[in-house]
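# What the coordinates show
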Amino acid sequence: MRYLVDREFRDDDRLRRTLPAHRTYWRRMSRLGVLLHGGSWREGCGETLVVKAATRGELQQVLGEDPYVQEHLVLETRVKALEALVEAGEQPQGAAPGRPETAADPGRRADAQLSAHEWRVARMMLTGLTNRQIAEQFAVSPRAVEQHITRIYRKLSISRRAQLAVAIQGDLPRAGELAAAG
């Protein structure tokens, strides 16, 4: 199972001191295939991660071993199962079957009218496919996929893959809300 983890950090001097250990930890998780994508936001005040874990308990263990968590530098953590985001993107709310997926969708920004094809590319990105793999699915060049992704990023006002799920979904539930609902 893949999870989207969105975390906000404390504004604390320990954040800068712990950064090397934090990066080393997540590099190791990337080599192990646990961290699939990741990126910081708001000038290092938070990050969005795509993490692969068999269960929510395993995910909590991976997150708990992060030096930032051990130093109590994480203010807030929001977790969402990516499969739920991908399924939600299959048929945006308000779009009738057979009609283009450009109808208003509360999960999208009002000015971010993604075409049906852009939604397909975005869903493939959320499932972890690389640009080359997406290109192979559509029998186009990786450069053509890069152009589609650039348009998607512009429409959603984002700059990296790790921000995609948040931009499409909007506010994510808090981890405690997921446990209560699960």
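Please read these numbers as outputs of a predicted model, since none were measured by experiment.

The next thing to look at is helix α7 (residues 142-156). Between its first and last C-alpha, α7 extends 21 Å over 15 residues, near the 21 Å set by a 1.5 Å rise per residue. Burial in α7 covers these residues: Val 145, His 148, Ile 149, Ile 152, Tyr 153 and Leu 156. The buried residues of α7 occupy an angular sector of 140° when the element is viewed end-on, so they sit on one face. A positive phi of about 55° marks Ser 157, the residue just after α7.

This brings us to the packing of aromatic side chains. As enumerated under the stated definition, the model contains two aromatic pairs in all. When the ring of Phe 9 is compared with that of Tyr 68, the centres are 4.8 Å apart and the planes differ by 75°; the resulting orientation is edge-to-face. Placement of the pair is Phe 9 in strand β1 (residues 2-9) and Tyr 68 in helix α3 (residues 67-70), with a sequence separation of 59 residues. The exposure class of Tyr 68 is buried, given its relative accessible area of 4%.

Quick look at empty space enclosed by the protein now. This model, assessed by the stated rule, comprises one cavity of 30 Å³ or more. Here the largest cavity defines a volume of roughly 70 Å³. Lining the largest cavity are Leu 4, His 37, Val 50, Leu 82, Met 125, Leu 126, Arg 161, Ala 162, Leu 164 and Ala 165. If you list the elements that add at least two residues to the lining of the largest cavity, you get α5 (116-126) and α8 (164-169). Along the lines of polarity and charge, the residues of the lining of the largest cavity split into eight nonpolar, one polar and one charged.

What follows covers the sheet that holds β1. Pairing in this open sheet of four strands is antiparallel, and the strands run β2-β3-β1-β4 from one edge to the other. The open sheet has two edge strands with one neighbour each: β2 (35-41) and β4 (74-81). On average, each strand axis in the sheet is inclined to that of its neighbour by 15°, with strand direction left out of account. Sheet strands in contact with helix α1 (residues 13-31) are β1, β2 and β3 (46-52), and its direction is about 20° off that of β3.

Attention now goes to the pattern of salt bridges. A side chain with one charge can pair with a side chain of the opposite charge if their charged atoms come near. One pass over the structure, following the stated rule, counts 10 salt bridges. With its nearest N and O atoms 2.3 Å apart, the salt bridge here joins Arg 7 to Asp 66. In this pair, Arg 7 sits in strand β1 while Asp 66 sits in the loop between α2 (56-64) and α3, placing the two residues 59 residues apart along the sequence. You can call Asp 66 buried: its relative accessible area is 0%. Between Arg 151 and Glu 118 there is a salt bridge, and its shortest N-O distance comes to 3.9 Å.

A water-sized probe, rolled over the atoms, reveals where empty space remains. In this structure, the largest pocket spans a volume of roughly 440 Å³. Leu 19, His 22, Arg 23, Ser 40 and Tyr 68 are the residues nearest the centre of the largest pocket, which is lined by 22 residues in total. For the lining of the largest pocket, the elements supplying multiple residues, two or more each, are α1, β2 and β3. Per-element tally for the lining of the largest pocket: the top contributor is α1, with seven residues.

So, on to α1. Across its 19 residues, α1 extends 28 Å between first and last C-alpha, which sits within 8% of the 27 Å expected from 1.5 Å per residue. A bend of about 50° at Leu 19 is the largest found in α1, and the proline Pro 20 appears one to four places after it. Where α1 is buried, its residues contact β1, β2, β3, α2 and α3. Two or three places before Arg 14, at the opening of α1, Asp 12 has a side-chain oxygen 2.8 Å from that residue's backbone nitrogen.

Procedures and definitions
- Residues numbered from 1 in each chain as written.
- Predicted model: local features only at pLDDT ≥ 70, side-chain atom pairs only at ≥ 80, totals over all residues.
- Heavy atoms only, no water.
- Helix = DSSP H or I, 4+ residues; strand = E, 2+ residues; numbered from the N terminus.
- Expected span 1.5 Å × (residues − 1).
- Buried < 20%, exposed > 50% of the residue type's maximum accessible area, 1.4 Å probe, protein only.
- Arc of directions from axis to C-beta.
- Phe/Tyr/Trp six-rings, centres within 6.5 Å; stacked < 30°, edge-to-face > 60°.
- 1 Å grid on protein atoms, 1.4 Å probe; cavity = no way out; pocket = protein on both sides within 12 Å on 5 of 7 lines; lining within 4 Å.
- Points joined across faces, edges and corners; volume = space filled by probe spheres on them.
- Nonpolar A, V, L, I, M, F, W, Y, C, P; charged D, E, K, R; others polar.
- Pairing = 2+ DSSP bridges.
- Axes fitted to C-alpha atoms, helices over the stretch in contact; angles between N-to-C directions.
- Contact = heavy atoms within 4.5 Å.
- Salt bridge = Lys/Arg side-chain N within 4 Å of Asp/Glu carboxyl O.
- Bend = angle between axes of the 7 residues up to and from the residue.
- Polar contact = N/O pair within 3.5 Å; in protein donor to acceptor, adjacent residues only side chain to side chain.

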